[in-house]
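Examination of the molecular architecture
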Amino acid sequence: MRFNNILVVIDPTSDTQPSLSRALHLAQQLEKAHDAVKLTLFLSLYDFSFEMSAMLSSEERESMHQGVISQKRAWLEQLIASHIPAGSQIQTDTAVMWKSRDYEAIIEQVELGKHDLVVKEAKPAEGLDALIFTPTDWQLLRKCPCPILMVKEHEWQSEGRILVAVNVSDDEAYHDVLNKKLVTSSRDLASVLSAGRIHLVSAYPTTPVNMAIDLPEFNPNAYTDSVRGQHLINMKALRQHFHIDEDHTHVEEGLPEEVIPQVAEEIKAEMVVLGTIGRTGLSAAFLGNTAEHVIGRLNCDVLAIKPDPEVEED
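Keep in mind the model is a prediction, meaning the values are calculated, not measured. (Residues numbered from 1 in each chain as written. Predicted model: local features only at pLDDT ≥ 70, side-chain atom pairs only at ≥ 80, totals over all residues. Heavy atoms only, no water.)

Counting residues in each nonpolar core, the largest one holds 53 residues, and the members touching the most others are Ile6, Leu26, Leu39, Ile162, Val164, Val183 and Leu303. No other element matches helix H6 (residues 173–193), which puts seven residues into this core. Other than its neighbours up to four places away in sequence, isoleucine 162 contacts Trp156, Ser186, Ala190, Ala195, Ile198, His199, Met271 and Val273. With 36 residues, the next largest nonpolar core counts Val110, Leu140, Cys146 and Ala165 among its residues. (Core = buried A, V, L, I, M, F, W, Y, C linked by side-chain atoms within 4.5 Å. Buried < 20%, exposed > 50% of the residue type's maximum accessible area, 1.4 Å probe, protein only. Helix = DSSP H or I, 4+ residues; strand = E, 2+ residues; numbered from the N terminus. Contact = heavy atoms within 4.5 Å.)

Moving on to the pairing of strand E2 (residues 38–45). Of all the eight residues making up E2, seven are buried; the element is thus mostly covered by neighbouring parts of the structure. Examined bridge by bridge, E2 and strand E3 (residues 91–98) share eight bridges and lie parallel to one another. Residue pairing across strands places phenylalanine 42 opposite alanine 95, the latter belonging to E3. (Pairing = 2+ DSSP bridges.)

Counted by the stated rule, this structure contains one aromatic pair. Over the ring of tryptophan 75 we find lysine 72, and its NZ or CZ is 5.8 Å from the ring centre. (Phe/Tyr/Trp six-rings, centres within 6.5 Å; stacked < 30°, edge-to-face > 60°. Lys NZ or Arg CZ within 6 Å of the ring centre and 35° of its normal.)

Let us look at the confidence of the model for the protein chain. Interpretation of this model should avoid reading the predicted coordinates in detail wherever pLDDT is low. Looking at the protein chain as a whole, its pLDDT mean stands at 83, while 83% of the residues score no less than 70. Per-element mean pLDDT across the protein chain ranges from 62 in helix H7 (residues 209–214) up to 97 in strand E1 (residues 5–9). Below a pLDDT of 50 lies the segment residues 280–288, which in the model reaches 23 contacts outside its immediate sequence neighbourhood of four places, other chains included. (pLDDT = per-residue confidence, 0-100.)

Moving on to the sheet that holds E1. Within the open sheet, the ten strands sit side by side as E3-E2-E1-E4-E5-E10-E9-E6-E7-E8. Their pairing is mixed. Bordering the open sheet on either side are E3 and strand E8 (249–253), each of which pairs with just one other strand. Strand-to-strand twist of the sheet, defined as the mean angle between neighbouring strand axes without regard to direction, takes the value 20 degrees. As paired elements, strand E9 (residues 269–275) and strand E10 (residues 301–305) share five bridges and run parallel to each other. From the neighbouring strand, valine 272 faces E10, where its bridge partner is valine 302. Docked against the sheet, helix H8 (residues 220–241) engages strand E7 (199–204) and E8, running at close to 155 degrees with respect to E7. (Axes fitted to C-alpha atoms, helices over the stretch in contact; angles between N-to-C directions.)

A few words on the side chain of threonine 249. Position of threonine 249 relative to the elements: it lies in strand E8. Residue threonine 249 is classed as buried on the basis of its relative accessible area of 16%. Reaching out from threonine 249, the side chain makes a polar contact with the backbone oxygen of glutamate 246 at a distance of 2.7 Å. Beyond its immediate stretch of four places on either side in the chain, threonine 249 contacts Leu200, Met235, Arg239 and Ile244. (Polar contact = N/O pair within 3.5 Å; in protein donor to acceptor, adjacent residues only side chain to side chain.)

Close contact between helix H4 (residues 102–113) and helix H5 (residues 135–143) brings their axes to 8 Å; oriented N to C, the two are set at 35 degrees. Note that H4 runs across H5; the crossing there is right-handed. Between H4 and H5, the contacting residues are Asp102, Tyr103, Ile106 and Ile107 on the first element and Thr136, Gln139, Leu140 and Lys143 on the second. Residues that form the contact of H4 with H5 fall into these classes: four nonpolar, two polar and two charged. (Left-handed = near helix turned anticlockwise from the far one by under 90°. Nonpolar A, V, L, I, M, F, W, Y, C, P; charged D, E, K, R; others polar.)

Written out as structure tokens, the structure reads:
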């Protein structure tokens, strides 16, 4: 998976633009690999006071909208001029949309521009290191049709490690397809970014306490060994498919929202790649709704990738 048509979400309230810095870094690496790449700087606008004025006709209101949009487009052009080096072959564009819900504006632009990646900043809460996501971010993770890269305000390190969260709990075909999509995408990205070799992580559940209590003949140690063993077998098959060393795989007991951030911290991952499924119920288990809990605890960039529609579980 190559990202050649990137939508960069700009924060008009910020003095710095980490999303633009990260997107530009990725674009420059793609340019070195002789890949054509385009960056579109995007801004969503809305001012409720404009809609409430009874003194304005619909034509006057639309004229005011367009005036503000033109001003912001000019500002985005200034951002491009100050960030894109002279002589760069990177294509650039700007897009400004008047819409009350930011996530709807972003998704609409993704579909209009046929973008293959959204880059957006995730700001930490004051005094906290973990990423704190807004309702806009959550809606994007659930509904955006293309991958989303949520970035922090820091420089990417050369040879930075990429951790891929996979689900090797069973032999379901749709899990295997998604796992391979995540690993393939991560390897492509690592190659472009000159990152270190990727790591894989998967969590397996602890022994249910009620089973040990209600079933006297139940052997919790044998159960745990069996579950871990199956996870190790499936992880081995996945890593061998991609020729990944065993010491770059991590199969740990616990909840994924605890295991994945823990391993990311241990290996000093620059980015975590995981799958998201924008549905509810059992079909969204592990890396569906759980992904939201995982992401909120991570202290690094996050690339969220949806499964292909035809392979999602019914």
